[in-house]
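Okay, here's what each chain looks like letter by letter:
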Amino acid sequence: MKTFINKIVLFLLLVVVFIETISGILAFTNLYLLGYPGSEIYNAINKSKKKNKSKILFIGDSVGNQLFSNKTNNDGINSLACNQAIGVVGQYFLLNNYLRTGNKIDKVFMLFTPFSFKNNLDQVYTYHYFLKPFYTSEYDSLFTETVKEQIKKIPYRQFTKIPHVFVTSWAPEFNSTDQIDYTFLSPISIEYLIKIKELSIKYNFELTILPPPTSIQKKDLIDRIDIDEFAKANLDQEFKDYFNKITYLDSTKFKDGTHLIHPEIYTEKYRTELIK
């Protein structure tokens, strides 16, 4: 009986070693990114550390990435837009990388839906989309106390770099119990919008926050947003025209109420107006 148990334990250990070894190889070679949920984030991170001559940079959520894909560079425009799940904090990391690499830019356009700013690293997506790429020593010094406190609430955060966890989409169940007293700007969004604003002063570029096309079905929700939140955060200048610039479209123009079916139609509109 003892011999049998020893064989079972040895077999299980060999299985674990095999799985972790294969996972490690996938991580080292980046093969895990093929079909990986959130691969656009890693593409944005890699691009943020490369030199580029473009004078216009886009950051933003997944709708921003639809309009200006981070897989392409066109007409003097570079894009690091990727996913709302990394929060404004993740957008700041990307922009900070890009500037510290030595890139010189004249304008930064932040394409964010009105609902992306509520992300306070309190989503079920935070573990996979934010912690896996950014919960590292490289970015630790850029975490505010608010970010650190939010991360502490996420279970198994210390295991994100275990190979088989990292290369799969596995994430623990996480339902935030935070009390929300804001309608638009989360505390973390405020902190890192201010930091992005500081970068614009330090590196002498113009920051413009833009809304992508939005479903008309969400207009009632947007109309309920407390616009006093910008003023309280000293961000009223950055958002003064944001809501006036929202283009409302019929719901049939969207795949899921948020993402456009034909984003290329609107890409040209944005490109023409912004370059002009």
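Trainee: Please provide a residue-by-residue account of the overall build of the chain, values included.
Mentor: Counting its secondary structure elements, the chain contains 13 helices and six strands. In the chain, which comprises 276 residues, the share counted as buried stands at 46%. Counting only contacts in the chain whose residues sit at least 6 apart along the sequence, the fraction spanning at least 24 positions is 77%. By element, 56% of the accessible surface of the chain is carried by carbon and sulfur atoms, the whole surface being about 14,600 Å².

Trainee: Any details on the sheet that holds strand 1 (residues 56-60)? Residues and values, ideally.
Mentor: Pairing is parallel across the open sheet formed by four strands, whose spatial order is 2-1-3-4. Bordering the open sheet on either side are strand 2 (77-79) and strand 4 (206-210), each of which pairs with just one other strand. Each strand of the sheet is rotated relative to its neighbour by a mean of 20°, with strand direction disregarded. Across the sheet, helix 4 (residues 87-100) is in contact with strand 1, strand 2 and strand 3 (107-111); its angle to strand 1 comes to roughly 155°. Taken strand by strand, helix 9 (residues 187-202) contacts strand 1, strand 3 and strand 4, and its axis lies near 145° from that of strand 4.

Trainee: Could you give me a rundown of the nonpolar core, with the residues and numbers involved?
Mentor: Within the largest apolar cluster, 58 residues are counted, with the highest numbers of intra-cluster contacts made by Phe-117, Phe-130 and Phe-239. It is helix 4 that provides the largest number of residues to this core, a total of eight residues. Ignoring anything within four residues of it in the chain, the contact list for Phe-239 reads Phe-117, Phe-184, Leu-185, Leu-193, Ile-209 and Phe-230. Formed by 15 residues, the second largest nonpolar core is a distinct cluster that contains Ile-56, Phe-68, Tyr-266 and Tyr-270.

Trainee: Which residues make up the environment of Phe-230, and what are the values?
Mentor: Turning to its location among the elements, Phe-230 is positioned in helix 11 (residues 228-232). Using a relative accessible area of 6% as the deciding quantity, one classes Phe-230 as buried. Sequence-wise, Phe-230 and Phe-184 are 46 residues apart; in three dimensions their C-alpha atoms are separated by 8.9 Å.

Trainee: Can you explain the side chain of Thr-160? Please cite residues and give values.
Mentor: Inspection of the secondary structure puts Thr-160 in the loop between helix 7 (145-152) and helix 8 (163-166). Once residues within four sequence positions are removed from consideration, Thr-160 is found in contact with Tyr-127, Leu-131, Lys-132, Tyr-135, Val-165 and Phe-166.

Trainee: Which residues make up the environment of Leu-221, and what are the values?
Mentor: Checked against the element boundaries, Leu-221 lands in helix 10 (residues 219-223). A residue is classified by how much of its surface remains accessible, and Leu-221, at 44% relative accessible area, is partly exposed. Measuring from C-alpha to C-alpha, the distance between Leu-221 and Phe-115 comes to 9.4 Å, with 106 residues separating the pair along the chain.

Trainee: Break down the pattern of salt bridges for me, citing the residues and quoting the values.
Mentor: One pass over the structure, following the stated rule, counts seven salt bridges. Residue Glu-145 is joined to Lys-148 by a salt bridge in which the shortest nitrogen-to-oxygen separation is 3.6 Å. On the criterion of helical spacing, the pair formed by Glu-145 and Lys-148 is a turn pair, its members being three residues apart in helix 7. Between Lys-219 and Asp-223 there is a salt bridge, with the nearest N and O atoms lying 3.1 Å from each other. Of this pair, Lys-219 and Asp-223 both sit in helix 10, four residues apart, roughly one helical turn. Classification of Asp-223 as partly exposed rests on a relative accessible area of 49%.

How each quantity is defined
- Numbering of residues starts from 1 in every chain and runs along the sequence as written.
- Thresholds applied to this predicted model are a pLDDT of at least 70 for local features of residues and 80 or more for the giving and counting of side-chain atom pairs; totals over whole chains, interfaces and linings are not thresholded and use all residues.
- Calculation of side-chain values draws on the structure's entire complement of heavy atoms; hydrogens and water are dropped beforehand.
- Only runs of H or I of at least four residues qualify as helices and only runs of E of at least two qualify as strands under DSSP, and these elements are numbered from the N terminus.
- For the exposure calls, accessible area comes from a 1.4 Å probe over protein chains only, and a residue counts as buried if that area is under 20% of its type's maximum, exposed if over 50%, partly exposed in between.
- Pairs of residues are marked as contacts when any of their non-hydrogen atoms sit within 4.5 Å.
- Note on areas: Shrake-Rupley with a 1.4 Å probe; residue coverage comes only from the protein chains shown.
- Paired strands, in this sense, are two strands between which DSSP finds at least two bridges.
- Whenever a helix is involved, its axis is fitted only over the stretch in contact; in every case the axis is a line through C-alpha atoms, and angles between N-to-C directions fall within 0 to 180 degrees.
- Here, the term nonpolar core denotes a set of buried Ala, Val, Leu, Ile, Met, Phe, Trp, Tyr and Cys residues that are joined through side-chain atoms within 4.5 Å.
- A side-chain nitrogen of Lys or Arg and a carboxyl oxygen of Asp or Glu constitute a salt bridge if their distance falls within 4 Å.

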